[in-house]
Amino acid sequence: MKIAIPKERRENEKRVAASPDTVKKFVGLGAEVVVETGAGTLSSFQDQDFVDAGASIAADEAAALKDADVVLKVQRPLTDAEGGPDELSLMKSGATLIAQLAPLQNKEQVAAYAAAGVNAVAMELVPRISRAQSMDVLSSQSNLAGYKAVLDAAAVYGKALPMMMTAAGTIAPAKAFIMGVGVAGLQAIATVRRLGAIVTATDVRAATKEQVESLGAKFVMVETDETGEDEGGYAKEMSDDYKKRQAELVAEHIKKQDIVITTALIPGREAPILVTDEMLASMKPGSVLVDLAVEMGGNVTQSKPGEIVTTDNGVHIVGHINVPSRLASDASALFAKNLLNFLTPMIDKETGSLAMNWEDEIIQGSALTKDGAVIHPLLTEGGN
């Protein structure tokens, strides 16, 4: 089995889908690994690191993908319509593509995978079950995003975060508010607490209250009978009544905050608005918001992808794109390990070839195409 690791070509992407460690393990399982030259450079992995791990280096993407049985990527392939190169055209019919493919936002591209005879697997759709935890790319990358969001906020915030008692006087601790307590939110709480801020957090899922308090933060939430959680453990959209009451609670709370980090996402949909123009207008000059959902429409009304915006009243809104990629080396290492854990059970120990079990619930939850057809229930006719 030939596994290909091409260089990522999308803007703001510094990660790579393999590390020297995972290459070594794939080779140990009997696979041939080909890495495009320079694929790991932005993640601090040099070609020689991959060679030392047992990979061969291809001069360009076409050479890397030629005859590859499995193609591992971080992001979906580029298309001609996006300025190319058309990466899908470089893959052979029958190849298996494994990456974050954003299929619900790019259904026409999923159809193109099927038309090209490529079996595509979307890692972000791997079901949240116990044996798939080590394959969860959303969690591994969100964890780093939550950490980096705090550092980005601290870099823009013009004051110290912890209480400091000095001969010249006492500096009061910063107040930080984390909106959305998934993996990113929990890591943000832990990180900003370590930096000495007073932390509060909110989430539509009441079950997160215990997690928030275990990290030393205070939970802020509207009392409700709604669960706020879907069957997969993700946050779901709430009723209009809940949204109104939550907005009122947040509006009062946010006035006093120095740092706000928003992390709320609803799978397959635009991010919900959590911070309105009115809330921004009520905040203190010099306060900072980091919108981790900016690429999905944003949780903050005035956030802009790839920009740091300053409002008329001096509030800074940070909208960095692809935050995990801002910690490219660690993000790549974790992403690569997720892919290794996903693929390893599917590699035949005798022959070293790919033996995908299409009946496995992990495959059924993440496979988009098979043998020229779109097969995922969210994408086939009648899917919802």
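Residues numbered from 1 in each chain as written. Predicted model: local features only at pLDDT ≥ 70, side-chain atom pairs only at ≥ 80, totals over all residues. Heavy atoms only, no water.

Undergrad: Just checking my understanding: could you explain the nonpolar core for this structure?
TA: Looking at soluble globular proteins, one finds that nonpolar side chains tend to be buried together. Among the nonpolar cores identified, the biggest contains 37 residues, and Ile3, Phe26, Leu72, Ile98 and Phe342 are the most heavily contacted of them. Taken together, the elements giving at least two residues each to this core come down to β1 (2-5), α1 (20-28), β2 (32-36), β4 (70-75), α10 (328-343) and α11 (361-366). In terms of residues, this core owes the most to one element, α10, which gives five residues. For Ile98, the contacting residues outside a window of four places in its chain are Val70, Val71, Leu72, Lys73, Val121, Met123, Leu339, Phe342 and Leu343. Ala174, Ile178, Val204 and Leu292 belong to the second-largest nonpolar core, a separate cluster that totals 31 residues. (Core = buried A, V, L, I, M, F, W, Y, C linked by side-chain atoms within 4.5 Å. Buried < 20%, exposed > 50% of the residue type's maximum accessible area, 1.4 Å probe, protein only. Helix = DSSP H or I, 4+ residues; strand = E, 2+ residues; numbered from the N terminus. Contact = heavy atoms within 4.5 Å.)

Undergrad: Help me out: how do you make sense of the pairing of strand β9 (residues 175-179) in this one?
TA: For a regular strand, side chains alternate in direction, first toward one face of the sheet and then toward the other. Burial of β9 is extensive: four of the five residues sit out of reach of the surface. Sheet analysis places β9 next to strand β10 (residues 198-202), joined by five bridges and oriented parallel. Residue pairing in the sheet places Ala176 in a bridge with Val199 of β10. Each parallel crossover has a hand, and for β9 linked through helix α6 (residues 183-194) to β10 it is right-handed. Sheet topology note: the β9/strand β12 (residues 259-262) ladder contains four bridges and is parallel. The residue of β12 that forms the bridge with Phe177 is Val260. (Pairing = 2+ DSSP bridges. Right-handed = clockwise from strand over helix to strand, strands pointing away.)

Undergrad: Would you mind going over the sheet that holds strand β5 (residues 96-100) with me for this structure?
TA: Hydrogen bonds between backbone atoms are what pair the strands of a sheet, whose relative direction is either parallel or antiparallel. What the six strands build is an open sheet, ordered β3-β2-β1-β4-β5-β6; its pairing is parallel. With partners counted over all chains shown, the strands left at the sheet margins are β3 (56-58) and β6 (119-122), one partner each. Strand-to-strand, the axes of this sheet are offset by a mean angle of 25 degrees, without reference to chain direction. Two elements, β1 and β2, share four bridges in a ladder whose sense is parallel. By the bridge assignment, Ala4 is partnered in β2 with Val34. (Axes fitted to C-alpha atoms, helices over the stretch in contact; angles between N-to-C directions.)

Undergrad: Honestly, the packing of aromatic side chains in this entry has me stumped. Any pointers?
TA: By convention here, two paired aromatic rings are described through the distance between centres and the angle between planes. Using the criterion set out here, one finds one aromatic pair in the structure. On the numbers, 6.1 Å between centres and 75 degrees between planes, the contact of Phe45 with Phe50 is edge-to-face. Judged by its relative accessible area of 0%, Phe50 is buried. (Phe/Tyr/Trp six-rings, centres within 6.5 Å; stacked < 30°, edge-to-face > 60°.)

Undergrad: What is the right way to read the layout of surface pockets from this model?
TA: With a probe scaled to a water molecule rolled over the atoms, the places where space remains empty come into view. Looking at the second largest pocket, its volume works out to about 150 Å³. Along its surface, the second largest pocket is lined by Arg131, Met135, Phe342, Pro345, Met346, Ala355, Asn357, Asp360, Ile362 and Ile363. Of the residues contributing to the lining of the second largest pocket, the split by class is seven nonpolar, one polar and two charged. (1 Å grid on protein atoms, 1.4 Å probe; cavity = no way out; pocket = protein on both sides within 12 Å on 5 of 7 lines; lining within 4 Å. Points joined across faces, edges and corners; volume = space filled by probe spheres on them. Nonpolar A, V, L, I, M, F, W, Y, C, P; charged D, E, K, R; others polar.)

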